[in-house]
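Listed below, chain by chain, are the residues.
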Amino acid sequence: MDIIYMGTPDFAVPALEKLIGSDHDVKLVITRPDAERDRGKKVQATPVKEKAVSHGIPVMQPVKLRTDEETLAKIRELQPDLIVVAAYGQILPKEVLDAPKLGCVNIHGSLLPKHRGAAPIQQAIMDGDAETGVTIMYMEEGLDTGDMLAKRATPIGKKTAGDLHDELAVIGADLLIETIKRIEDGTVRPEKQDDALASYAPMISKKDGKLDFSEDPEVIERKIRAMSPWPGAFADLDGKQIKIWDAEALTEENSRPGGTVTGVSDEGLRIAAGGKTLLAKVIQIPGKKRMAVADYLRGHKVEEGAVLR
């Protein structure tokens, strides 16, 4: 099967690798333009571009797909059997959706119709879902509204967004290959989404990492995992931003105002939250690496009664 692959970040790399290693022919990869990455502000290729180039696959990087006539013409010229999309980062115009003989399929990191949108992994954690997963679906002009072709679930437990990101990328890659085979042999059975069960997962920004200690510790603990590795869950302590990377929601009651440090030990910082207690175990201050509270306390002092805001 002749395939055009559209994707950009690390999440989209395992599926591309699977396609390259299969008996399908990836004719073209379309990805976002090169951009500044990490603290060095060095312009780098997208992870998907790096993978494609390493295998000699042609790459196109339109700034805006719907108005890029060169890319649109190339898609028309190739007449692909299928377009596969994974976290590409742009809305596909109708011309592209209609181009492949067998349609466009998308790898989405949730169990649709739950958590449509840009941040399904983080939202599933924050909502306290017991499980999440991957859905392979046909694409249409709506946002993640197309017919579902396959799903595969995994428990969330105490996983971070980073843990789930890596796990779902691999699950999605395997499920994609299985689904394409069923599309080829005509055994795939599209299932319409129930819009009444749909929810939306908006894009995460840096400000979303701000912690609110009026909330229940379980809510805060989930947010900490959802914001790992980016942007990190944070609060201000003595005028400095402190990030919390690992915490435990305790059942012990705590009548102090939210954010008040009510216990300091090698076990962690006990913090009042929503009438209960959050135990912060791993923290980070600006310019330093993450560290266990026990290690932090060897060089720093945190007073009981200090307030995280």
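One structure accompanies this document, and this report is about it. Numbers given to residues run from 1 along each chain, matching the order in which its sequence is written. Given that this is a predicted model, residues contribute local features only at a pLDDT of at least 70 and side-chain atom pairs are listed and counted only at 80 or more, while totals for whole chains, interfaces and linings are drawn from all residues. To obtain the side-chain values, all non-hydrogen atoms of the structure were included, while hydrogens and water were left out.

Let's shift gears to the packing of helix 1 (residues 13-20) against helix 2 (residues 47-54). Between two packed helices, both the angle of their axes relative to each other and the distance between the axes serve to describe the pair. In this analysis, axes come from line fits to C-alpha atoms, helices being fitted only over the stretch in contact, and the angle between any two N-to-C directions falls in the range 0 to 180 degrees. Helical segments are the DSSP runs of H or I of at least four residues, strand segments are the runs of E of at least two, and each set is numbered from the N terminus. Interaxial distance between helix 1 and helix 2 falls to 9 Å at its minimum, and their mutual angle equals 20°. Between helix 1 and helix 2, the angle is such that the two are roughly parallel. The way helix 1 lies across helix 2 gives a crossing that is right-handed. In this structure, helix 1 uses V13, L16, E17 and I20 to contact helix 2, whose residues at the interface are P47, V48, K51 and A52. Amino acids outside the nonpolar list (Ala, Val, Leu, Ile, Met, Phe, Trp, Tyr, Cys, Pro) and the charged list (Asp, Glu, Lys, Arg) are all regarded as polar, and Gly is one of them. Split into classes, the residues belonging to the contact of helix 1 with helix 2 amount to 6 nonpolar, no polar and 2 charged. Working rule for angles: under 35 degrees goes down as roughly parallel, over 145 as roughly antiparallel, 65 to 115 as roughly perpendicular, anything else as oblique. Less than a right angle of anticlockwise turn of the near helix away from the far helix marks a crossing as left-handed, whereas a clockwise turn marks it as right-handed. In this description, contact between two residues means that some pair of their heavy atoms is separated by no more than 4.5 Å.

By the element assignment, Q193 lies in the loop between helix 6 (161-185) and strand 11 (200-201). Pairs of N or O atoms within 3.5 Å make up the polar contacts considered here, provided that, within protein, one atom can donate a hydrogen while the other can accept it, and that residues adjacent in sequence are counted only when both atoms are side-chain atoms. Of note is the side chain of Q193, whose polar atom sits 2.9 Å from the backbone oxygen of D144. Polar side-chain contacts of Q193 include one of 2.8 Å to the backbone oxygen of G146. Beyond its immediate stretch of four places on either side in the chain, Q193 contacts L112, P113, R116, M137, D144, T145, G146 and M148.

Below, the discussion takes up the sheet that holds strand 5 (residues 59-60). Reading across the sheet, the 7 strands line up as 5-2-1-6-7-9-10 and stay open at both edges, with mixed pairing between neighbours. The open sheet terminates on both sides in strands that have one partner only, identified here as strand 5 and strand 10 (148-155). Strands are labelled as partners when DSSP assigns at least two bridges between them. Of the pairings in the sheet, the one linking strand 2 (residues 25-30) to strand 5 comprises 2 bridges and is parallel in character. Opposite I30, over in strand 5, you have M60 as the bridge partner. Against the sheet, helix 6 engages strand 1 (2-7), strand 6 (82-86), strand 7 (104-108), strand 9 (131-138) and strand 10, with an angle of about 150° to strand 10.

Don't take any of this as a statement about function, it's just geometry.
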